[in-house]
Amino acid sequence: MTDSHIQAIREVYARADRIYSQQDIEAAYDRMAAQITARLSDSNPLVLCVMVGGLIPAGQLLPRLDFPLQIDYIHATRYQGKTQGGQLHWIVRPTYSLQDRVVLLIDDILDEGVTLKALCEACADAGAREVLTAVLLDKVHDRKSGLVATFKGLDVEDRYVFGCGMDYQGYLRNVPGIYAIAEK
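Residues numbered from 1 in each chain as written. Predicted model: local features only at pLDDT ≥ 70, side-chain atom pairs only at ≥ 80, totals over all residues. Heavy atoms only, no water.

## Here's the deal with helix α2 (residues 22-40)
Next, step 1: Under the 1.5 Å per step criterion, the end-to-end length of α2 is 26 Å for 19 residues, consistent within 8% with the ideal 27 Å.
Next, step 2: Along α2, the residues that are buried comprise Ile25, Ala28, Tyr29, Met32, Ala33, Ile36 and Leu40. For α2, the arc enclosing every buried residue in end-on projection is 140 degrees, short of the 170-degree limit, so these residues lie on one face. Relative to its buried face, α2 has exposed residues pointing more than 90 degrees away, namely Gln23 and Ala38. (Helix = DSSP H or I, 4+ residues; strand = E, 2+ residues; numbered from the N terminus. Expected span 1.5 Å × (residues − 1). Buried < 20%, exposed > 50% of the residue type's maximum accessible area, 1.4 Å probe, protein only. Arc of directions from axis to C-beta.)

Below, the structure is given as structure tokens:
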């Protein structure tokens, strides 16, 4: 990347509207962890982190889940560094068998849900007994694929958001808090 591109990324961040603070997000993770624990603590679940966006939510949720579980990851994308999704591109499937397992997919956001729905279907096709989803954010709009997150942290308006796993042009996944690109 050129210095001018990095400067443009910094400017987007500087002008962005903060939607949720780090404290808001911590409280959401606590609520989600309590719900997940209540539902899954006796089910020997396989928890799959959906890469790359699910990395931060999984890293925050997993230490809050104080019961036996196995962890793996899955990697498929429709974005590939862009701001709009395209065709599903598979990178890595889980290494553990999903046969007769309860599977929990952890991701950053449920936007339209096309990618996450395809991942749920792939898990079911691989023999999972039940497939559940946990997302930090659920975007509020009427373009959903029909998928409803089993566990969600926070609702977010229909804007392009970044932080806590969500990126802007491949950057800013690591910023604390949830930000939306400034409206013109």
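## Quick notes on the side chain of Thr133
Next, step 1: With respect to the element layout, Thr133 can be found in strand β6 (residues 130-139).
Next, step 2: Using a relative accessible area of 2% as the deciding quantity, one classes Thr133 as buried.
Next, step 3: Discounting chain neighbours no more than four positions away, the residues touching Thr133 are Leu104, Leu105, Leu116, Cys120, Val148, Ala149, Thr150 and Phe151. (Contact = heavy atoms within 4.5 Å.)

## Some remarks on the pattern of salt bridges
Next, step 1: Inspection of the entire model under this criterion finds 15 salt bridges.
Next, step 2: Between Asp111 and Lys139 there is a salt bridge, with its nearest N and O atoms 3.3 Å apart. Placement of Asp111 in the loop between β5 (102-110) and α4 (114-125) and of Lys139 in strand β6 is noted, with a sequence separation of 28 residues between them.
Next, step 3: Taking relative accessible area as the criterion, Lys139 reaches 6% and is therefore assigned buried.
Next, step 4: For the salt bridge of Glu183 with Arg159, the shortest nitrogen-to-oxygen distance reads 3.4 Å. Of this pair, Glu183 sits in the segment after β9 (178-180) while Arg159 sits in the loop between β7 (151-156) and β8 (161-162); the two residues are 24 residues apart in sequence, bridging distant segments of the chain.
Next, step 5: Residue classification places Glu183 among the exposed positions, given a relative accessible area of 57%. (Salt bridge = Lys/Arg side-chain N within 4 Å of Asp/Glu carboxyl O.)

## What to know about the environment of Leu40
Next, step 1: Residue placement: Leu40 occurs in helix α2.
Next, step 2: Leu40 sits in the buried class, given a relative accessible area of 2%.
Next, step 3: As a C-alpha pair, Leu40 and Leu65 span 25 residues in sequence and 9.4 Å in three-dimensional space.
Next, step 4: Setting aside its immediate chain neighbours within four residues, Leu40 contacts Pro45, Phe67, Val102, Leu104 and Leu132.

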